[in-house]
Amino acid sequence: GDGDSEIGLVVEDGDMVRLTMDGHPYMATCFATTLHRKLFREHLGLIEPQNVLHSTEKVTSFMRCAPEPDDDEI
């Protein structure tokens, strides 16, 4: 579509963690659990925006700063 993008990802993770879901014990993979939690923290605004303009970390070819941060990232 116009401006719409999607991504597909297959992750094989055998590292299981013990959780509680709906009051019952549940086993889930570590990657899925941490990704789910991080996305919800980001969605709820619990993660501070990263200001790359004042970073002391050296920029490599794999790290490219956005030319201008969005208003909600400052």
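Coordinates for the structure precede this section.
None of these values were measured; they are calculated from a predicted model. (Residues numbered from 1 in each chain as written. Predicted model: local features only at pLDDT ≥ 70, side-chain atom pairs only at ≥ 80, totals over all residues. Heavy atoms only, no water.)

### Topic: the overall build of the protein
Each helix and strand in the protein was counted, giving 1 helix and 2 strands. Along its sequence from the N terminus, the protein presents helices and strands in the succession β-β-α. Looking at the protein as a whole, 4% of its 74 residues qualify as buried. For the protein, the proportion of contacts with a sequence separation of at least 24, taken over those separated by at least 6, is 3%. If you sum the accessible surface of the protein, you get close to 7500 Å²; carbon and sulfur atoms cover 54% of it. (Helix = DSSP H or I, 4+ residues; strand = E, 2+ residues; numbered from the N terminus. Buried < 20%, exposed > 50% of the residue type's maximum accessible area, 1.4 Å probe, protein only. Contact = heavy atoms within 4.5 Å. Areas by Shrake-Rupley, 256 points an atom, 1.4 Å probe, with all protein chains shown as cover.)

### With respect to the pairing of strand E1 (residues 16–21)
Note that E1 and strand E2 (residues 24–29) share 6 bridges and pair antiparallel. Across the sheet, residue Leu-19 finds its bridge partner in E2, namely Tyr-26. What sits between the antiparallel neighbours E1 and E2 is a turn of 2 residues, in which Asp-22 has the positive phi angle 55 degrees. (Pairing = 2+ DSSP bridges.)

### Quick word on the environment of Asp-15
Its location among the elements puts Asp-15 in the segment before E1. In contact with Asp-15, not counting residues within four places along its chain, are Ala-28, Thr-29 and Cys-30.

### Considering the side chain of Thr-33
Assignment of secondary structure puts Thr-33 in helix H1 (residues 30–43). A relative accessible area of 8% places Thr-33 in the buried class. When neighbours within four sequence positions are excluded, Thr-33 is seen to be in contact with Val-17, Leu-19 and Ala-28.

### Let's talk about unusual backbone geometry
Although it is not a glycine, Asp-22 adopts a positive phi angle of roughly 55 degrees. Relative to the helices and strands, Asp-22 resides in the loop between E1 and E2. Residue classification places Asp-22 among the exposed positions, given a relative accessible area of 72%.

### Overview of H1
Taking 1.5 Å per residue as the helical rise, H1 with its 14 residues ought to reach 20 Å, and the 20 Å between its terminal C-alpha atoms agrees with that figure. Directly beyond the C-terminal end of H1, a positive phi value near 80 degrees is found at Gly-45. (Expected span 1.5 Å × (residues − 1).)

### Topic: the environment of Glu-12
Among the structural elements, Glu-12 can be located in the segment before E1. Sequence spacing of Glu-12 and Thr-29 is 17 residues, and the spatial spacing of their C-alpha atoms is 9.1 Å.

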